[in-house]
Every structure is written in C-alpha cells, then in structure tokens.
Amino acid sequence: MSLSAQDFAYMAPTTIDETITALGEAASTGARCQVLAGGTDLLVQLRSADPDPRTILDIKAVPETNRVGISDKGVFIGSAVSAATITHHEGLKAILPGLVESVYLIGSTQIQGRATLVGNLCNASPAGDTIPALIANQASCDIRGSNGARSLPVEEFVVGVQSNALEAGEFVVGVRMPHPGARTADAYLRFIPRTEMDIAVAGAGVSITLDEAGVCTAARVAIGAVAPTALVVPAAADALIGSRLEEASVAAAGRACTAASRPISDKRGTADYRRKVVAVLCERAIAAAAKRAAG
C-alpha cells in the first residue's frame, strides 16, 4: 500500500501470513508500518511525540496472537492477549504469580483491558515492569517475518531505551516460557513514589527452585529501571544457588544487583538511591518467591 506524506492507513490481518505480507510490503518500499496489539502506548505516541503518517497494522484478529497455552512443555502468551485476561487467568496465576503481578501493575483497570504484555515488552521502556519478570522466567520472543521464524530471549530483545531487536518486516507473535515445574516460583516487586499509577524507580524479578531439603538448586534474577535495559544478574543467582537462602546469601544477591545497576539520577530518585532500593527489592522478591516455592 502506497501512502502519501499526509496519509494514514489501517489494516487488520486475520492470519500470520497476512501480517507478514503487509509488513514485508512496507519494508520493501520503505513505507512506515507499525503493529498495534493493545495500542495504549502507540496511540499516546501518535498524539504527542511521533505523529507522522504510517500504516497501522492491527493484529488482534490473528488467532495465534490471542492464545494462552499452558502445558508440561511450557507456557505461551500471545501478543494481543490483554493484561486483564492475564491477571484473571487462573492457570497463569497458579504457576507464574510473579509475572501476573508485574502485568497487574500496567496502568489502570481500564488500561489493562487493552494493554498487552508483549506490547509492554516491545515498547522497551527501561522501567517496564513486565520485562524483568519475563527475564526471570526465561521468556523468549516468538518472532515471525518474511525471512522466517526466530526465537530471541527477552534479555536480548530489548536493546536500548524504547528500542527492540525487531528487524523490518518482523513482529512478535507471543512469548514462550518453560513450565516452572514443582518447587519453582517467581515474584516481582517494584518501588514507586506514589501508591499506584506510576513507573518504577527500581524493580526486581526473581525465580527460585528449591529441593525438598530447602536448598536452592536454581535461580534467576533480573532488575529493571536501573539501566537503559532490564538486566539479568548472574552473580545474584550464583549467590543463592547451593544455599538455604540464609540472610548472608540473600544479602549477597542484593549487593550483586546494586553492583550490576547503571542508573541515572532524575526528579524521581538519585542514582545512589536506586542502587540501594534495587538491592532491597531483590531481597524481598527472593523471600516471596522462596515462600511460594516451599509452599
């Protein structure tokens, strides 16, 4: 579809192939084409920072993007699945409560009726709450495009402030995670200046696996809002694995998060403050995840 300098266009494909074709045609001609899943970020950008003409490609009618799948092999959440659907999904709440907690923090109740987990990921805000939670759960992006399909870990998908690794002609069908299994649980915590409806000053997502004796056999820690992108902190996980999550081990994990942080100072908090807060959030998220894993 050819657009003039003043044109907008709207398309609503009903299959993955139709979506790829539309994106591929735009990429081949140099035309601008942007995917709409929930639209809660896109529409705000259109009204303010980025009002230039483009084709809006609404993927909500593509069945695969609306699917939530849970099996022994793993979990799939489609890119058009709303935050409200996730926060009310009993299966997801049972096995990934930390991820669901992070999704619940997206905007207001009204916003959650439209906003999507994958949209929050693709927007790639350093303070995006769902991104550390996805990383903690080893999530990967199911990406499709004219050159085929590829899978990319979430920690590699976000490459900078509001910048992701999608190439021209590609879109995210959904995210996949391994099934957490027995005695594995996650948690996500953030700190905000207000009681609600704010963006994180710092955030921490944690996944913990315990054996029957209470020893941590696997761990994954991710932090957000303290660097240009959310970060995996292997040193924090290393501090926990092999321990019974004693105070010293948990404190070491918190210090590792502080050391990994590269925060800025702004009106919402200084860099030093963010470094301290992220350690506290990590320690508290470990405690919450461990309690769930043991329970």
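Chains are numbered independently. Their residues run from 1 in the order of the written sequence. In view of the model being predicted, local features appear only for residues whose pLDDT reaches at least 70, and side-chain atom pairs are presented and counted only at 80 or more, with totals across whole chains, interfaces and linings using the full set of residues. Hydrogen atoms and water are omitted, and side-chain values are computed over all heavy atoms in the structure.

## Remarks on the packing of helix α11 (residues 247-260) against helix α12 (residues 271-294)
- All axes here are fitted lines through C-alpha atoms, helices being fitted over the stretch that makes contact, and every angle between N-to-C directions spans 0 to 180 degrees. For the purposes of this entry, the term helix denotes a DSSP run of H or I that reaches at least four residues, the term strand denotes a run of E that reaches at least two, and both are numbered from the N terminus. Between α11 and α12, whose axes approach to 8 Å, the crossing angle comes to 140°. As far as their axial angle goes, α12 and α11 are oblique. Seen along the crossing, α11 lies across α12 with a hand that is right-handed. Seen from α11, the contacting residues are Val-250, Ala-251, Ala-253, Gly-254, Cys-257 and Thr-258; seen from α12, they are Arg-275, Val-278, Ala-279, Cys-282, Glu-283 and Ile-286.
- Throughout this entry, Asp, Glu, Lys and Arg are counted as charged residues, while Ala, Val, Leu, Ile, Met, Phe, Trp, Tyr, Cys and Pro are counted as nonpolar. The remaining residues, Gly among them, count as polar. Broken down by class, the residue content of the contact of α11 with α12 amounts to 8 nonpolar, 2 polar and 2 charged. Between 65 and 115 degrees an angle is taken as roughly perpendicular, under 35 as roughly parallel, over 145 as roughly antiparallel, and anywhere else as oblique. What makes a crossing left-handed is the near helix being turned counterclockwise from the far one by less than a right angle; a clockwise turn instead makes it right-handed. Contacts were defined at the residue level, with two residues in contact if any of their heavy atoms lie within 4.5 Å.

## Considerations on the pairing of strand β6 (residues 140-145)
- Under the scheme applied here, a residue whose accessible area is under 20% of the maximum for its type counts as buried, over 50% as exposed, and between as partly exposed, the area being computed with a 1.4 Å probe on protein chains only. Burial within β6 is extensive, with 5 of its 6 residues counted as buried.
- Pairing between strands is defined by DSSP: at least two bridges between them are needed. Sheet analysis places β6 next to strand β7 (residues 148-153), joined by 6 bridges and oriented antiparallel. Counted as the bridge partner of Ile-143 is Arg-150 from β7.
- The loop that links β6 with its antiparallel partner β7 comprises 2 residues.
- Pairing of β6 with strand β10 (residues 170-177) involves 6 bridges; the strand directions are antiparallel. In the strand pairing of β10, Ile-143 is matched with Val-172.

## Notes on the pattern of salt bridges
- We define a salt bridge as a side-chain nitrogen of Lys or Arg found within 4 Å of a carboxyl oxygen belonging to Asp or Glu. Evaluated as defined, the whole model comprises 11 salt bridges.
- Its salt-bridge partner being Glu-170, residue Arg-150 comes within 2.8 Å of it at the nearest N-O pair. You can see Arg-150 sitting in strand β7 and its partner Glu-170 sitting in strand β10, a full 20 residues away along the chain.
- One salt bridge in this structure joins Asp-266 and Arg-274, with 3.2 Å as the shortest N-O distance.
- Of the residues examined, Asp-266 reaches a relative accessible area of 33% and is grouped as partly exposed.
- Classification of Arg-274 by relative accessible area gives buried; the value is 3%.
- Each of Asp-142, Arg-144 and Arg-176 takes part in one network of salt bridges that share partners.

## Some remarks on the side chain of Thr-130
- Mapped onto the secondary structure, Thr-130 falls in helix α8 (residues 130-136).
- Residue Thr-130 is classed as buried on the basis of its relative accessible area of 0%.
- Polar contact criterion, stated in full: a pair of N or O atoms within 3.5 Å, where within protein one must be able to donate a hydrogen and the other to accept it, and residues adjacent in sequence count only if both atoms are side-chain atoms. A distance of 2.6 Å separates polar atoms of two side chains, one belonging to Thr-130 and the other to Asn-120.
- In contact with Thr-130, not counting residues within four places along its chain, are Leu-99, Ser-102, Val-103, Ile-106, Leu-117, Asn-120 and Leu-121.

## Re the layout of surface pockets
- The method works on a 1 Å grid over the protein atoms by themselves. A cavity is a set of points holding a 1.4 Å probe that cannot get out, a pocket is an open set with protein on both sides within 12 Å along at least five of seven lines, and residues with an atom within 4 Å of a point line them. Grid points are joined across faces, edges and corners, and a volume is the space filled by probe spheres set on the points. In this structure, the second largest pocket occupies an estimated 240 Å³ of space.
- Together, 13 residues line the second largest pocket, and Tyr-104, Gly-107, Ser-108, Thr-109 and Gln-112 are the ones closest to its centre.
- Elements supplying a minimum of two residues to the lining of the second largest pocket: α3 (83-87) and α6 (109-112).
- For the lining of the second largest pocket, a count of residues per class yields 4 nonpolar, 7 polar and 2 charged.
- Three or more residues apiece are contributed to the lining of the second largest pocket by two domains, here domain 2 (63-177) and domain 3 (184-294). Where a domain begins and ends is set by an automatic assignment or by a domain database.

## Details of the domain arrangement of the chain
- What the domain assignment lists for the chain is domain 1 (3-58), domain 2 (63-177) and domain 3 (184-294).
- With centres defined by C-alpha atoms, the gap from domain 2 to domain 3 works out at 20 Å.
- Taken together, the contact between domain 2 and domain 3 spans 25 residues of the former and 21 residues of the latter.
- Among the residues domain 2 hides against domain 3, the three largest losses belong to Pro-126, Pro-132 and Ala-136. Together they make up 26% of the total.
- Our enumeration of links across domain 2 and domain 3 arrives at 3 salt bridges. In this description, buried area is defined as the sum, over both parts, of the accessible area (probe of 1.4 Å) that is lost when the two are combined.

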